[in-house]
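# Structural overview for review
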Amino acid sequence: MSLRDIRRLGLMLFKAYAVIATILQVSCFGCEIKPDRDGHVSIPATWTSIPIRAFEECSTLVSVSMGVSVTSIDFRAFHACTGLKNVTIGTSVAVIGTDAFKLCTSLETVTIPESTTSIKSNAFDGCTNLRSVTFGESLRSLGDRAFLNCGRLLSVRLPDSLITLSLGTHSNLEYNHDRSRAFEGCTSLASVGIGDGV
């Protein structure tokens, strides 16, 4: 076998390896824990957070529950889980991170537990079927565009504990220094009850 043949074989093997690696990456991308046959995941008691991008684009995820061990839901933890309908947020979760549930287009209701003090920017951005959000009475900060483009959200009551409604800096079209964009694009929103703390 000539040196040229060896190089050619090596190149072919490298390309085959790259294809296999890509297939494996795509098929496993975003499913830190494989959902059961009903699409459900129970977060183990050993987890103290839902890691960055743990379930990002996990298309088979339908429902998730987490216990008291979980204290944070990190950046893009459930980003673009388009089949996700039901989430039971753990009663110890203090922070819901940026883009945590962004583009979860099947999500209909969310209950924010009493433990949650902060919802970061774009956390529920693009949850186009979200109809109901219930906030716990410990929420202190609501990030910019937290519920951007939740077009089916009908009404919201913000708790008295809330002291920070983040303001947008600017967009390409207009400056927004004087108003919060937390519910921008929520075209069905008929009423917003704002607590005494803001």
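Above this text is the structure in question.
Note that this is a predicted model, so its numbers are computed, not measured. (Residues numbered from 1 in each chain as written. Predicted model: local features only at pLDDT ≥ 70, side-chain atom pairs only at ≥ 80, totals over all residues. Heavy atoms only, no water.)

### Remarks on the pattern of salt bridges
Quick reminder of the rule: For this analysis, a salt bridge means a side-chain nitrogen from Lys or Arg found within 4 Å of a carboxyl oxygen belonging to Asp or Glu. Each helix is a run of H or I in the DSSP string that is no shorter than four residues. Each strand is a run of E no shorter than two, and both are numbered from the N terminus. Throughout this description, buried means an accessible area under 20% of the type-specific maximum (1.4 Å probe, protein chains only), exposed means over 50%, and partly exposed covers the range between.
Under the counting rule described, the total for this entry stands at 7 salt bridges. Linking Lys 102 and Asp 125 is a salt bridge whose minimum nitrogen-to-oxygen distance equals 3.7 Å. With Lys 102 in the loop between β6 (95–96) and β7 (109–111) and Asp 125 in the loop between β8 (118–119) and β9 (132–134), this residue pair connects regions lying 23 residues apart in the sequence. Using a relative accessible area of 7% as the deciding quantity, one classes Asp 125 as buried. Between Asp 160 and Arg 157 there is a salt bridge whose closest N-O contact spans 3.5 Å. Take Arg 157: its relative accessible area is 45%, and that puts it in the partly exposed class. One continuous salt-bridge network, built from bridges that share partners, spans Arg 53, Glu 56, Arg 76 and Asp 99.

### A short note on the nonpolar core
Using the following cut-off: To qualify as a nonpolar core, a set must consist of buried Ala, Val, Leu, Ile, Met, Phe, Trp, Tyr and Cys residues joined through side-chain atoms within 4.5 Å. Pairs of residues are marked as contacts when any of their non-hydrogen atoms sit within 4.5 Å.
Of all hydrophobic cores here, the largest spans 45 residues; its most connected members are Ile 50, Phe 55, Ile 73, Phe 78, Ile 96 and Phe 124. The residues contacting Ile 50, other than those within four sequence positions of it, are Ile 43, Phe 55, Met 66, Val 70, Ser 72, Ile 73, Asp 74, Ala 77 and Phe 78.

### Side note on the sheet that holds strand β4 (residues 72–73)
What counts here: Should DSSP find at least two bridges between two strands, the strands are taken to pair.
Spatially, the 6 strands line up as an open sheet ordered β2-β4-β6-β8-β10-β12, and their pairing is parallel. Both edges of this open sheet fall to β2 (49–50) and β12 (164–165), since each of them pairs with a single strand only.

### Things to note about unusual backbone geometry
In this structure, Asp 99 takes a positive phi of about 60° despite not being glycine. Counting through the fold element by element, Asp 99 comes out in the loop between β6 and β7. Not every positive phi belongs to a glycine, and Arg 145 is a case in point at roughly 55°. Residue position: Arg 145 is located in the loop between β10 (141–142) and β11 (155–157).

### Focus: the sheet that holds strand β1 (residues 40–42)
Keep this limit in mind: As a rule, the C-alpha atoms of each element are fitted with a line to give its axis, helices using only the stretch in contact, and angles between N-to-C directions run from 0 to 180 degrees.
Taking strand neighbours across the sheet as the criterion, the 3 strands line up as β1-β3-β5 in an open arrangement whose pairing is parallel. Bordering the open sheet on either side are β1 and β5 (86–88), each of which pairs with just one other strand. Each neighbouring strand pair of the sheet contributes to a mean axis angle of 5°, computed without reference to strand direction. Summarising the sheet, β1 and strand β3 (residues 63–65) pair through 3 bridges and their orientation is parallel. Bridging across to β3, Val 41 finds its partner in Val 64.

### Some points on the environment of Ala 80
Relative to the helices and strands, Ala 80 is located in the loop between β4 and β5. According to the relative accessible area criterion, Ala 80 is buried, its value standing at 14%. For the pair formed by Ala 80 and Leu 103, sequence separation is 23 residues and the distance between their alpha carbons is 4.6 Å. Contacts of Ala 80, omitting those with residues within four sequence positions, involve Glu 57, Lys 102, Leu 103 and Cys 104.

### What about the state of the cysteines?
The bond known as a disulfide is covalent and runs between the sulfur atoms of two cysteines. To be explicit about the condition: Only a pair of cysteine sulfur atoms within 2.5 Å qualifies as a disulfide here.
Going through the model one piece at a time under the given rule, you end up with 1 disulfide. A sulfur-sulfur separation of 2.3 Å characterises the disulfide bridge that pairs Cys 31 with Cys 58. Between Cys 31 and Cys 58, the S-S torsion sits near 100°, and that sign places the bridge as right-handed. With Cys 31 in the loop between α1 (3–28) and β1 and Cys 58 in the loop between β2 and β3, the pair connects residues that are 27 residues apart, well separated along the chain. Free of any disulfide, Cys 81 has its nearest neighbouring cysteine sulfur in Cys 104, separated by 5.1 Å. Summary of cysteine pairing: Cys 186 is not part of a disulfide, and the nearest cysteine sulfur, belonging to Cys 150, is at 4.9 Å. By relative accessible area, Cys 186 is classed as buried at 8%.

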